[in-house]
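An overview of the molecular structure
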Amino acid sequence: MSLDKVLAKIDADLDQSVNRLLDLLRIPSISTDPAYKSDCARAADWLVEDLKTLGFDASSRPTPGHPMVVAHGGTGERHLLFYGHYDVQPVDPLDLWDRDPFDPEVQDTAKGRVIRGRGSADDKGQLMTFIEACRAWKAVHGSLPGKLTIFLEGEEESGSPSLIPFMQDNAAELKADIALICDTGMFEDTTPAIVTMLRGLLGEEITVYGPDKDLHSGMYGGAAINPIRVLTKILGNLHDETGRVTVPHFYDGVQELPDAIRAQWQALAFDHAKFLGDVGLSVPAGEQDRTPLEMLWSRPTAEINGIWGGYTGQGFKTVLPAEAHAKISFRLVAGQDPDVLRGHFRAWVQEQLPADCRVEFHGHGNGPAGVMSVEAPAFDAARAALGEEWGKPAAFVGCGGSIPIAGYFKTYLDMDAMLIGFGRDDDQIHSPNEKYDLECFQKGIRSWARVLAKLV
Ligand code: BES
Ligand code: ZN
């Protein structure tokens, strides 16, 4: 059977596949930091060249930000589009890495072999699972697995600012029957998963200003307002004692989980004690009347991602600072409009400002939650294919993280999207020492070969 030949080819060529991934991982394509602009372009070019070797008509397309990679190839009835992102998160704090984040290697660990390096799991390793599946397919069949468009973005980690205009300007070219996205994870290490809902994201940076210069905290402390005190008091009010977000109208439009999905999630028997235990925690800290999976997948949240001000250097300095800063993000669910919520949040902050203080807001990327329709026949086919590879039925799961494009396919191109990924919770994406399990890379490639065999 020809699928068996493709699977055997994948296994036989695994070392070369890993080496290609290591090459891509060496390019520090950090999208959020302008210092790495040319590296982002280099990563796009690397992918274009690699896709050309597979017979794709591939090009790097400029945008006001980092380029998009678009490639077309193959022939067939059904037109599949694959999406991944070649940009990666910043590496700081660098001193917590055990090696240079952009000098990747395969390592033996107590839990098996891993590919270590920034972007190994998020998302270069994952996007290469699809490309490697195409490569093995082509080697066996002499042609690509059907009519394919590959669409790779370089700004996902910075909120995909160029994506909507690019999708609108190139709608006819990008329109396909279904989008496949490889940027998510498995369920509890060994259960393959198809994500049916993802949370959206709203980012806000706030600066509270008080006195017009830094002051001596002995000379002025007591009489002068301290912006850090004001900021921390406001941020301390973000949640009530039950874990609910207190910003007025925050929960407007948020629906209860449909019974059918609640039952599916219950059947997953999520081990939240292990999930939290693996990161040194024990008690779910979200809304106390919600299950842990609801907290992670179907409820909106507010998180303080960074907070700074005053003196934080070596030693001690008795300063009463002129300003205080924080970065805050909200994970959103269906029914919440990011722009409306931004307004409510800003009004809520303003109302709490005492005399002599003012606040400035700087908005960061935002995108609504994504809800996938699982009606398309491709979902059943993919579920079966994943089950055959992993020896367990694939779970329909939620994803607490955000992938802006997931919802845009429906909105802008009227296409369904199917999210299948092979990451594990301990991959340390966005953190020091990011890794991708070699097993996930190999079985991820094999999974795509099986999915493609059912879809073409
Ligand atoms: N691959 C992640 C999304 C993800 C996170 C999937 C966790 C599965 C588990 C994606 O690259 C990501 O990190 N997205 C950002 C989006 C943001 C910067 C707009 C996120 O979720 O923070
Ligand atoms: Zn990602």
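Residues numbered from 1 in each chain as written. Chains lettered and ligands numbered in written order. Predicted model: local features only at pLDDT ≥ 70, side-chain atom pairs only at ≥ 80, totals over all residues. Heavy atoms only, no water.

**Describing the UniProt feature "domain: Peptidase M20 dimerisation" (unreviewed entry) in the chain**
In the numbering adopted here, UniProt assigns the feature "domain: Peptidase M20 dimerisation" (unreviewed entry) to residues 198-356. With 29% helix and 21% strand, residues 198-356 has end C-alpha atoms that lie 41 Å from one another. (UniProt positions renumbered as here; feature names shortened; annotations may be inferred. Helix = DSSP H or I, 4+ residues; strand = E, 2+ residues; numbered from the N terminus.)

**Quick word on the layout of surface pockets**
If you add up the space inside the second largest pocket, you get close to 380 Å³. In this structure, the second largest pocket is lined by 27 residues; those nearest its centre are Met 197, Leu 257, Pro 258, Ile 261 and Val 371. Broken down by secondary-structure element, the contributors of at least two residues to the lining of the second largest pocket are strand S8 (193-198), helix H8 (259-267), helix H10 (292-298) and strand S15 (370-371). Broken down by class, the residue content of the lining of the second largest pocket amounts to 16 nonpolar, 6 polar and 5 charged. (1 Å grid on protein atoms, 1.4 Å probe; cavity = no way out; pocket = protein on both sides within 12 Å on 5 of 7 lines; lining within 4 Å. Points joined across faces, edges and corners; volume = space filled by probe spheres on them. Nonpolar A, V, L, I, M, F, W, Y, C, P; charged D, E, K, R; others polar.)

**Section: the coordination of the zinc ion (ligand 2)**
Bound to the zinc ion (ligand 2) are the protein donor atoms His 85 (NE2), Asp 122 (OD), Asp 183 (OD) and Asp 183 (OD), situated 1.7 to 2.7 Å from the metal. For the zinc ion (ligand 2), the 6 donor atoms in the first shell make angles of 52 to 159° at the metal, so the coordination geometry reads as irregular. Along the chain, the residues donating to the zinc ion (ligand 2) are arranged with the sequence spacing H-x36-D-x60-D. Of the two residues, Asp 122 sits in the loop between strand S5 (112-116) and helix H4 (124-141) while Asp 183 sits in the loop between strand S7 (178-181) and S8, which places them 61 residues apart along the sequence. By relative accessible area, Asp 122 is classed as buried at 7%. Taking the relative accessible area as the measure of exposure, Asp 183 reaches 12% and is therefore buried. (Donors = N, O, S within 2.8 Å, 3.2 Å for Na, K, Ca; no water. Tetrahedral: all angles 85-135°; square planar, octahedral: opposite > 155°, others 65-115°. Buried < 20%, exposed > 50% of the residue type's maximum accessible area, 1.4 Å probe, protein only.)

**A word on the packing of H4 against helix H14 (residues 438-455)**
Two elements in contact, H4 and H14, have axes separated by 8 Å at closest approach and are oriented at 55°. It follows from the interaxial angle that H4 and H14 lie oblique. Where H4 crosses over H14, the two elements pack in a sense that is right-handed. For the pair H4 and H14, the contacting residues are Gly 125, Met 128, Thr 129, Phe 130, Glu 132, Ala 133 and Trp 137 in the first and Phe 441, Gly 444, Ile 445, Trp 448, Ala 449, Leu 452 and Ala 453 in the second. Classifying every residue of the contact of H4 with H14 by side-chain character gives 10 nonpolar, 3 polar and 1 charged. (Axes fitted to C-alpha atoms, helices over the stretch in contact; angles between N-to-C directions. Parallel < 35°, antiparallel > 145°, perpendicular 65-115°, else oblique. Left-handed = near helix turned anticlockwise from the far one by under 90°. Contact = heavy atoms within 4.5 Å.)

**Observations regarding the site of ligand 1**
Around ligand 1 sit 15 residues in total, of which Glu 156, Asp 183, Arg 331, Ser 402 and His 430 are the nearest. In the environment of ligand 1, an oxygen atom lies 3.0 Å from a nitrogen or oxygen atom belonging to the side chain of Asp 122. About the coverage of ligand 1: the protein hides 81% of its 520 Å² of free accessible area. Of the residues assigned to the shell around ligand 1, the class counts are 4 nonpolar, 6 polar and 5 charged. (Near = heavy atom within 4 Å. Polar contact = N/O pair within 3.5 Å; in protein donor to acceptor, adjacent residues only side chain to side chain. Areas by Shrake-Rupley, 256 points an atom, 1.4 Å probe, with all protein chains shown as cover.)

**Quick word on the packing of helix H1 (residues 2-12) against H14**
Closest axis-to-axis distance for the H1/H14 pair is 10 Å, and the angle between their directions is 160°. By the angle between their directions, the pair H1 and H14 is classed as roughly antiparallel. The chirality of how H1 crosses H14 is right-handed. Counted together, Leu 3, Val 6, Leu 7, Ile 10 and Asp 11 of H1 and Gln 442, Ile 445, Arg 446, Ala 449, Arg 450 and Ala 453 of H14 form the full contact between these two elements.

**Some thoughts on the nonpolar core**
One finds Leu 47, Leu 152, Met 418, Phe 422, Phe 441 and Trp 448 to be the most contacted residues of the largest nonpolar core, which totals 68 residues. With near-sequence residues (within four places) excluded, Phe 441 lies in contact with Leu 14, Ser 17, Val 18, Leu 21, Ile 115, Gly 125, Met 128, Thr 129, Glu 132 and Tyr 436. Formed by 36 residues, the second largest nonpolar core is a distinct cluster that contains Ala 193, Leu 257, Tyr 408 and Ala 417. (Core = buried A, V, L, I, M, F, W, Y, C linked by side-chain atoms within 4.5 Å.)

**A few points about the sheet that holds strand S14 (residues 358-367)**
Pairing is antiparallel across the open sheet formed by 4 strands, whose spatial order is S11-S13-S9-S14. At either margin of the open sheet sits one strand with a lone partner, and together these are strand S11 (301-309) and S14. For this sheet, the mean inter-axis angle between neighbouring strands, taken without regard to orientation, is 15°. Sheet topology note: the strand S9 (residues 200-209)/strand S13 (residues 323-332) ladder contains 10 bridges and is antiparallel. Each bridged residue has a counterpart across the sheet, and for Ile 206 the counterpart in S13 is Ala 326. The strands touched by helix H11 (residues 338-351) are S9, S13 and S14; relative to S14, the strand with the most contacts, the crossing angle is about 160°. (Pairing = 2+ DSSP bridges.)

**Some points on the packing of aromatic side chains**
In total, this model carries 19 aromatic pairs according to the counting rule given. With centroids separated by 6.1 Å and ring planes inclined at 45°, the aromatic side chains of Phe 187 and Phe 270 adopt a geometry described as tilted. Placement of the pair is Phe 187 in the loop between S7 and S8 and Phe 270 in the loop between H8 and helix H9 (272-277), with a sequence separation of 83 residues. Pair check on accessibility: Phe 187 and Phe 270 agree, each one buried. Taken together, the aromatic side chains of Phe 250, Tyr 251, Phe 330, Phe 345, Trp 348 and Phe 361 make up a single cluster linked through ring pairs. (Phe/Tyr/Trp six-rings, centres within 6.5 Å; stacked < 30°, edge-to-face > 60°.)

**Quick notes on the sheet that holds S5**
Spatially, S4-S5-S18 is the arrangement adopted by the 3 strands of the open sheet, whose pairing is antiparallel. Unpaired on one side and paired on the other, strand S4 (105-109) and strand S18 (435-437) mark the two borders of the sheet. Put simply, the sheet's adjacent strands are angled 35° from each other on average, direction ignored. Where S4 and S5 come together, 5 bridges link them in antiparallel fashion. Residue pairing for S5: Glu 105 is matched across the bridge by Arg 116.

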